[in-house]
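What the coordinates show
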Amino acid sequence: MIKVTINKKVCREVDTIIFPFFEGNLSIPNEEVNNTLKRLEERDQFKGAFGTTFNSTRTKDGRVQDIVFLGLGKEDGLTVDKVRKAFGKVIKNLETLKSSEVFVGLPYLEKFEMAGFVKGATEGLILGAYKFDKYSTEEKKAKDLIVDLGGHRCNVELDQFEAVVEEAVMLSEGTIIARDLVNEPANIMIPSLLADEAVRLGKEFGFEVEVKDLKEIEELGMEAFLNVAKGSINEPKLIVMRHFGEPDNKDKRLALVGKGLTFDTGGYSLKPSTSMDTMKSDMGGAAAVIGAMCLIAQKNIKKNVVAVVAACENAISGGSYKPGDIIGSMGGKNIEVLNTDAEGRLTLVDAVTYAIRKEGASEVVDIATLTGAALVALGTTATGVVTNNDEFYNDLEKASSLTGEKVWKLPAFEEYKKLIKSDIADLKNVGGRHAGTITAGLFIGEFVEDKPWLHLDIAGTAWLGSAVDYCPKGATGEGARILYELAKLR
Ligand code: BES
Ligand code: ZN
Ligand code: ZN
């Protein structure tokens, strides 16, 4: 547990102080610390370069106190996300030092906004400190941390940033909700538990949740979704979440549709074991929309937002769908299934049709761990986006600049659409080896009925094989914050 607050006084008996510095400007109004800094600079041990740290100590009133110097680079090049990264990194120092009460001496800022600094520091600390260790029976090594942001070095009144810290804490917790859902193993996180978690969070944060069972999904004619689900003993669930913050404007309704494969074996087009062992993360899109709904409801944003998750498991049994099958869909199009591992798009198209036809969505965002090709194209750094509406995409870019979750628009030329036309049905569920992320996105685009639409492929960004910046190994919680910021902009 980490608790971050703003507190301008240094008076608390902290065990550790963090002093962030800009390169070439290593000084604070304290002679002892300044002497240490001078010495470190002369010996090239700490110069304030971005992301560098140095642990030191000082004696204050007879007590030894740890001091962590944290390099921020040049103030000119600073961004909120760089602040997040720097503070995400300093968590490792706090772990090494076994700190429990920490004070951050905020820097004097010449150009950069203190609000952005405080936001970045809070989010970096909380997201960087995250651990999923509930299944470890070893004595918990992660200690509780209390962090105060404050200090006399800065040139602004800090009280005004209490609300910034509060919102940054909330946003980080939204991301952590998504991380926790994804990190939960697939033997536990089956579709019914994902639905139960949505219900629980709906009660906690104040959004409406309706869960439809197998019979209701059948009545809705969600044939594509059902075909993916039918190989598993775990019943599929259609999870619908609603927040009506603008009831007078009923026609305006943003739908967030998240891929909710609680496990993806690939089905009869079986995945190799080395690609399968992370597939509990195939509900990362669902986790993102659930996390976003928690934020949207908590802040009671004045927008109408509905989130839809078609939750199921892509498993193998005598009842599973097979390569070559031709299946229907709620939207009415027939689909030739050439690869049972391209299952996400099948569940998503029915969820999109449901959102438009039954929930009155006027614009749609889908978010999904959809293609390995997204990892090939963009790595774990950026989410690939396919859209039919540039104005919508511009808002996504604005949201991205607020959260640091990078997005990149891929081309959606007509030529790519030809690749998913089937010879014997309306569409086929794979477009061949080329442009896999684009053709997967455009497959979903076939079902959006001319609504403004964004498709976010988070296959690369939802999961990390090893820790990067403020994201530990495992689930990143990608999407929760950007969807919240996007909803606020629509
Ligand atoms: N869930 C996977 C995509 C994925 C891959 C997510 C790696 C996260 C990391 C998806 O269902 C899938 O298997 N896609 C296939 C599509 C192919 C058969 C056209 C893929 O990417 O190989
Ligand atoms: Zn798959
Ligand atoms: Zn999948």
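Preceding this section is the structure that the text describes.
A brief look at the structure comes next. (Residues numbered from 1 in each chain as written. Chains lettered and ligands numbered in written order. Predicted model: local features only at pLDDT ≥ 70, side-chain atom pairs only at ≥ 80, totals over all residues. Heavy atoms only, no water.)

**Topic: the overall build of the protein chain**
Put simply, the test is: Here a helix means four or more residues in a row that DSSP labels H or I, a strand means two or more in a row labelled E, and each is numbered from the N terminus. Exposure categories follow from relative accessible area, calculated using a 1.4 Å probe and restricted to protein chains: below 20% of the type maximum is buried, above 50% is exposed, and the middle band is partly exposed. Residue contacts follow a heavy-atom distance rule, with two residues in contact if any of their heavy atoms lie within 4.5 Å. Calculation of accessible area relied on Shrake-Rupley with a 1.4 Å probe; when residues are assessed, cover is drawn exclusively from the protein chains displayed.
In terms of regular secondary structure, the protein chain is built from 15 helices and 19 strands. Dimensions of the protein chain along its principal axes, counting C-alpha atoms only, are 80 × 50 × 40 Å. Taken across its 490 residues, the protein chain has 58% of its residues classed as buried. Pairs at least 24 residues apart make up 78% of the contacts formed inside the protein chain by residues separated by at least 6 positions. Summed over its atoms, the accessible surface of the protein chain is roughly 20,300 Å², and 50% of this surface lies on carbon and sulfur atoms.

**Considerations on the environment of E184**
The test is simple: Counting of polar contacts relies on pairs of N or O atoms within 3.5 Å, with two restrictions inside protein: one atom must be capable of donating a hydrogen and the other of accepting it, and residues adjacent in sequence are counted only when both atoms are side-chain atoms.
As for its placement among the helices and strands, E184 is situated in the loop between α4 (162–183) and α5 (191–205). In the structure, E184 is positioned 49 residues away from Y135 in sequence and 9.6 Å away in space, judged by C-alpha atoms. Reaching out from E184, the side chain makes a polar contact with the side chain of K134 at a distance of 2.7 Å.

**Focus: the side chain of N7**
Structurally, N7 can be placed in the loop between β1 (2–6) and β2 (16–21). What makes N7 buried here is its relative accessible area of 18%. In terms of polar contacts, N7 uses its side chain to reach the side chain of D148, at 3.3 Å. The residues touching N7, leaving out its near neighbours within four places in the chain, are F103, D148, L149, G150 and G151.

**Description of the site of ligand 1**
To keep it simple, the criterion reads: To be near a molecule or strand, a residue needs just one of its heavy atoms within 4 Å of it.
Around ligand 1 sit 15 residues in total, of which K271, D282, D341, E343 and G372 are the nearest. The side chain of K259 places a nitrogen or oxygen atom 3.2 Å from an oxygen atom of ligand 1. A distance of 2.8 Å separates an oxygen atom of ligand 1 from a polar side-chain atom of E343. Protein contact buries 78% of the 510 Å² of open area that ligand 1 shows by itself.

**Considering the coordination of the zinc ion (ligand 2)**
Short version of the rule: The rule for donors is simple: N, O or S, within 2.8 Å of the metal, or within 3.2 Å if the metal is Na, K or Ca. Water isn't counted, so a site may look like it is missing partners.
Around the zinc ion (ligand 2), the donor atoms from the protein are D264 (OD), D341 (O), D341 (OD) and E343 (OE), and they sit 2.0 to 2.2 Å away. Linear spacing of the donor residues for the zinc ion (ligand 2) on their chain is D-x76-D-x1-E. The metal-metal distance between the zinc ion (ligand 2) and the zinc ion (ligand 3) is 3.2 Å, with D264 serving as a donor to both. Taken together, the residues span a long stretch of sequence, with D264 in strand β9 (residues 254–264) and D341 in the loop between β12 (335–336) and α10 (344–357) at a distance of 77 residues. Accessibility expressed as a relative area gives 2% for D264, which makes it buried.

**Let's talk about the pairing of strand β14 (residues 382–387)**
For clarity, the threshold we go by: By this definition, two strands are paired if DSSP reports at least two bridges between them.
Most of β14 sits inside the fold, with six of its six residues counted as buried. Alternating positions in β14 separate into two faces, A382, G384 and V386 on one and T383, V385 and T387 on the other, with burial throughout. Sheet topology places β14 next to strand β15 (residues 406–409); four bridges connect them, and they run parallel. Each residue of the ladder has a partner; that of V385, found in β15, is K409.

**Quick look at the packing of aromatic side chains**
Heads up, the condition is: The pairing test for Phe, Tyr and Trp rings, Trp by its six-membered ring, is centres within 6.5 Å, and the orientation test on the planes gives stacked under 30 degrees, edge-to-face over 60, and tilted for anything in between.
This model, assessed by the stated rule, comprises eight aromatic pairs. With a centroid separation of 6.0 Å and an interplanar angle of 55 degrees, the aromatic rings of F132 and Y135 are classed as tilted. F132 gets classed as partly exposed once you look at its relative accessible area, which sits at 28%. Through a chain of ring-to-ring contacts, the aromatic side chains of F19, F21, F46 and F69 assemble into a single cluster.

**Let's talk about the coordination of the zinc ion (ligand 3)**
Put simply, the ideal angle at a metal is 109.5 degrees for four donors in tetrahedral geometry and 90 or 180 degrees for six donors in octahedral geometry. For the record, the criterion: Only two sets of limits are used to name each site, 85 to 135 degrees for every angle of a tetrahedral four-donor site, and over 155 degrees for opposite donors with all other angles from 65 to 115 for a square planar four-donor or octahedral six-donor site, with any other site named irregular.
Within the protein, the atoms that donate to the zinc ion (ligand 3) are K259 (NZ), D264 (OD), D282 (OD) and E343 (OE), at distances of 2.0 to 2.4 Å. For the zinc ion (ligand 3), the six donor atoms are set out with angles of 77 to 172 degrees between them, so the coordination reads as octahedral. Spacing between the donor residues of the zinc ion (ligand 3) along the chain follows K-x4-D-x17-D-x60-E.

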